[in-house]
Amino acid sequence: RLAARLPHGEIVAVDADPLLLGLGRAYYGPAVRFVEALIGRPGWLGALALDRPLDAAVSTTALHYLGEAALRRVYRDLADRLRPGGVLVNGDHLRQDAGRLCEIARAVGRRRAERQRACGHEDWDSWWAAAHTDPELAALLAERRSRPLPASEGEHLTLSAHLTLLREAGFRHAGPVWQFGNSHVVVAVR
Ligand SMILES: C[S@@+](CC[C@H](N)C(=O)[O-])C[C@H]1O[C@@H](n2cnc3c(N)ncnc32)[C@H](O)[C@@H]1O
């Protein structure tokens, strides 16, 4: 979407998973530069070989993998690399602060998914099961097995914990611009 909307932009896509990077390269080709990196590991931003400040950093359903220390580092690293006025946009599943609201938010999200018939589609586990049976993906899956893939360590972090970390990292404004259930789009402006 970004490549289509910003044909003159340089788009760098980052993930730690060789299979997903391989699928991205096969589908999007040269419109995007793909980089394998473990986001949040000290020095991870160096792997991106950026030669100028960033206009935007965009993520979907990935940053909830990061534990608090790694997330703090990532928000600081990105605040340092974004130009003044640049944005971080994160679409992610983030917990509510109050335990009771977590349950309600989950129920609201589930009912919306049912109304949109999203549950009738392949889910995460069945997608992976199907990928493992596809001979065309065997080499990428072997590569994947040789990598230290990220564990999901930040699912307990709430929306307000993310906003606090963003402000402490140096973002001037941070807040949700869209929310449904526990799905949020958070924008932070440098
Ligand atoms: C649910 S998938 C989302 C993939 C993609 N962002 C999208 O929206 O379609 C989560 C992705 O986050 C990646 N990921 C999680 N933690 C990561 C980390 N620390 N470094 C790099 N990639 C990470 C996983 O490898 C996985 O591809």
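Structural data are supplied above this passage.
Residues numbered from 1 in each chain as written. Predicted model: local features only at pLDDT ≥ 70, side-chain atom pairs only at ≥ 80, totals over all residues. Heavy atoms only, no water.

**Student:** Help me understand the overall build of the protein chain in this model?
**Tutor:** A tally of helices and strands in the protein chain yields seven helices and six strands. In sequence order, the protein chain lays out its α and β elements as α-β-α-β-β-α-β-α-α-α-α-β-β. Taken over the C-alpha trace, the protein chain has a radius of gyration of 18 Å; the compact-globule value for 190 residues is 16 Å, and the two agree within 12%. Dimensions of the protein chain, computed from C-alpha atoms along their principal axes, come out at roughly 45 × 45 × 30 Å. Sorting the 190 residues of the protein chain into buried and exposed places 32% on the buried side. (Helix = DSSP H or I, 4+ residues; strand = E, 2+ residues; numbered from the N terminus. Rg over C-alpha atoms; globule rule 2.2 N^0.38 Å. Buried < 20%, exposed > 50% of the residue type's maximum accessible area, 1.4 Å probe, protein only.)

**Student:** For this particular structure, what's the right way to read the packing of helix 2 (residues 18-28) against helix 5 (residues 124-132)?
**Tutor:** Working note: a packed helix pair is described by the angle between its axes plus the distance between those axes. Their axes nearest at 13 Å, the elements helix 2 and helix 5 cross at an angle of 80°. Between helix 2 and helix 5, the angle falls in the class roughly perpendicular. The segment helix 2 lies against helix 5, with Leu-19, Leu-20 and Leu-23 engaging Trp-127, Trp-128 and Ala-131. A per-class count over the contact of helix 2 with helix 5 returns six nonpolar, no polar and no charged. (Axes fitted to C-alpha atoms, helices over the stretch in contact; angles between N-to-C directions. Parallel < 35°, antiparallel > 145°, perpendicular 65-115°, else oblique. Contact = heavy atoms within 4.5 Å. Nonpolar A, V, L, I, M, F, W, Y, C, P; charged D, E, K, R; others polar.)

**Student:** Hey, could you run me through the side chain of His-184 in this one?
**Tutor:** Mapping His-184 onto the fold places it in strand 6 (residues 183-189). Judged by its relative accessible area of 2%, His-184 falls in the buried class. At 3.0 Å, the side chain of His-184 forms a polar contact with the backbone oxygen of Asn-182. Not counting residues within four places of it along the chain, the set of residues in contact with His-184 comprises Asn-90, Gly-91, Asp-92, Leu-94, Gln-96, Leu-159, Pro-176, Trp-178 and Gln-179. (Polar contact = N/O pair within 3.5 Å; in protein donor to acceptor, adjacent residues only side chain to side chain.)

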